[in-house]
Every structure is written in C-alpha cells, then in structure tokens.
Amino acid sequence: MIVAFSVAPSGADSVDADGGMSAAVAAAVRVVRDSGVTHQTTAMFTYLEGEWDEVMAVVKAATDAVAALAPRVSLVLKADIRPGFDDQLTAKVERVDRHLE
C-alpha cells in the first residue's frame, strides 16, 4: 500500500517564529526516516510504501512526535491499497511519464 499523509501542529506554542511549522514537521519526518519504511517527502505530503501495519505504525509515531510539541494535531491521510504491487512510488510515475513521451 501507499499512504500519503500530512501531519501538522495546532496551537500558538507550536508555530515557528516565522509562522511556519517546520520544527514540528521535522520531528515527524525524523520518525519517517528512522523507520526504514520506503518513503518520499515533498512540500505538502510524505508518502510511505509498505504493509498496512508497518505503514500505519509510522503514521501513528509521526503523529505522536508532533503531538509532543503541540496541544492539537491535524492529520490528513490518503491510501492506495493494491495487494500484490510493490515499488509503486516510482512505478506509477514511470507509467504516466511513458504516456507523456
């Protein structure tokens, strides 16, 4: 499965001096990178690819990391559940690129 998720803190204490949320988001990204799960991080979402239990455990741990820094957390999650398919983070993009050639 592929999961796209975005986790963000809420509350005045969790916002960076410039109005951003990068410190709290970095805590979540650290969890993702340390997890060993295949991942990609973009400006808006982090993508995970793996089995249901391992992917959801990372989402929970990343959410908990942000919650440790903020009184409230927002989580957006989208999943592509397609049993029997691996390496789809790159394969899906490659299929579209072939149509664009």
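Look above for the structure.
Asks: Describe the pattern of salt bridges, naming the residues involved and giving the relevant values.
Replies: In a structure, side chains of opposite charge can pair up when their charged atoms sit close to one another. Within the structure shown, the criterion is met by two salt bridges. Lys 60 is the partner of Asp 64 in a salt bridge, and the nearest nitrogen-oxygen pair spans 2.9 Å. Taken as a pair, Asp 64 and Lys 60 lie in helix 2 (residues 52-67) at a separation of four residues, close to a single helical turn. We classify Asp 64 as partly exposed; its relative accessible area is 39%. With relative accessibility at 52%, the residue Lys 60 sits in the exposed group. With its nearest N and O atoms 2.5 Å apart, the salt bridge here joins Asp 80 to Lys 92. With Asp 80 in strand 4 (residues 72-80) and Lys 92 in helix 3 (residues 88-100), this pair connects stretches of sequence that are twelve residues apart.

Asks: Requested: an account of the packing of helix 1 (residues 22-35) against helix 2, with residues and values cited.
Replies: It is the contact of helix 1 with helix 2, at a shortest axis distance of 8 Å, that shows an interaxial angle of 150°. Relative to helix 2, helix 1 is oriented roughly antiparallel. Handedness of the helix 1/helix 2 crossing: right-handed. Mapping the contact onto sequence places Ala 24, Ala 27, Ala 28, Val 31, Val 32 and Ser 35 in helix 1 and Val 58, Ala 61, Ala 62, Ala 65 and Val 66 in helix 2.

Asks: Explain the side chain of Thr 46 residue by residue, including any values.
Replies: By the element assignment, Thr 46 lies in strand 3 (residues 46-49). Look past the residues within four positions of Thr 46 in its chain and what remains in contact with it is Val 3, Ala 4, Phe 5, Val 32, Gln 40 and Thr 41.

Asks: Quick one: what's the story with the sheet that holds strand 4, residue by residue and with numbers?
Replies: Strand-to-strand pairing in sheets goes through backbone hydrogen bonds, with the strands running parallel or antiparallel. Spatial ordering of the open sheet is given by 2-3-1-4, a layout of four strands whose pairing is antiparallel. Strands with a single pairing partner mark the edges of an open sheet, and in this sheet they are strand 2 (38-41) and strand 4. Mean inter-strand twist for the sheet, computed between neighbouring axes without regard to direction, equals 20°. Sheet topology note: the strand 2/strand 3 ladder contains four bridges and is antiparallel. For Gln 40, the partnering residue across the bridge sits in strand 3 and is Tyr 47. Docked against the sheet, helix 1 engages strand 1 (2-10), strand 2 and strand 3, running at close to 150° with respect to strand 1. Running over the sheet, helix 3 touches strand 1, strand 2, strand 3 and strand 4 and is turned about 60° from strand 2.

Asks: So, the environment of Met 56: which residues are in play, and what are the values?
Replies: Residue position: Met 56 is located in helix 2. The class for Met 56 is partly exposed, based on a relative accessible area of 22%. In sequence terms Met 56 and Ala 26 are 30 residues apart; their C-alpha atoms lie 18 Å from each other. In this view, Met 56 contacts Met 1, Val 3 and Leu 77; residues no more than four positions away in its chain are not counted.

Calculation notes
Residues numbered from 1 in each chain as written. Predicted model: local features only at pLDDT ≥ 70, side-chain atom pairs only at ≥ 80, totals over all residues. Heavy atoms only, no water. Salt bridge = Lys/Arg side-chain N within 4 Å of Asp/Glu carboxyl O. Helix = DSSP H or I, 4+ residues; strand = E, 2+ residues; numbered from the N terminus. Buried < 20%, exposed > 50% of the residue type's maximum accessible area, 1.4 Å probe, protein only. Axes fitted to C-alpha atoms, helices over the stretch in contact; angles between N-to-C directions. Parallel < 35°, antiparallel > 145°, perpendicular 65-115°, else oblique. Left-handed = near helix turned anticlockwise from the far one by under 90°. Contact = heavy atoms within 4.5 Å. Pairing = 2+ DSSP bridges.

Scope: geometric values only; no functional claims are made or implied.
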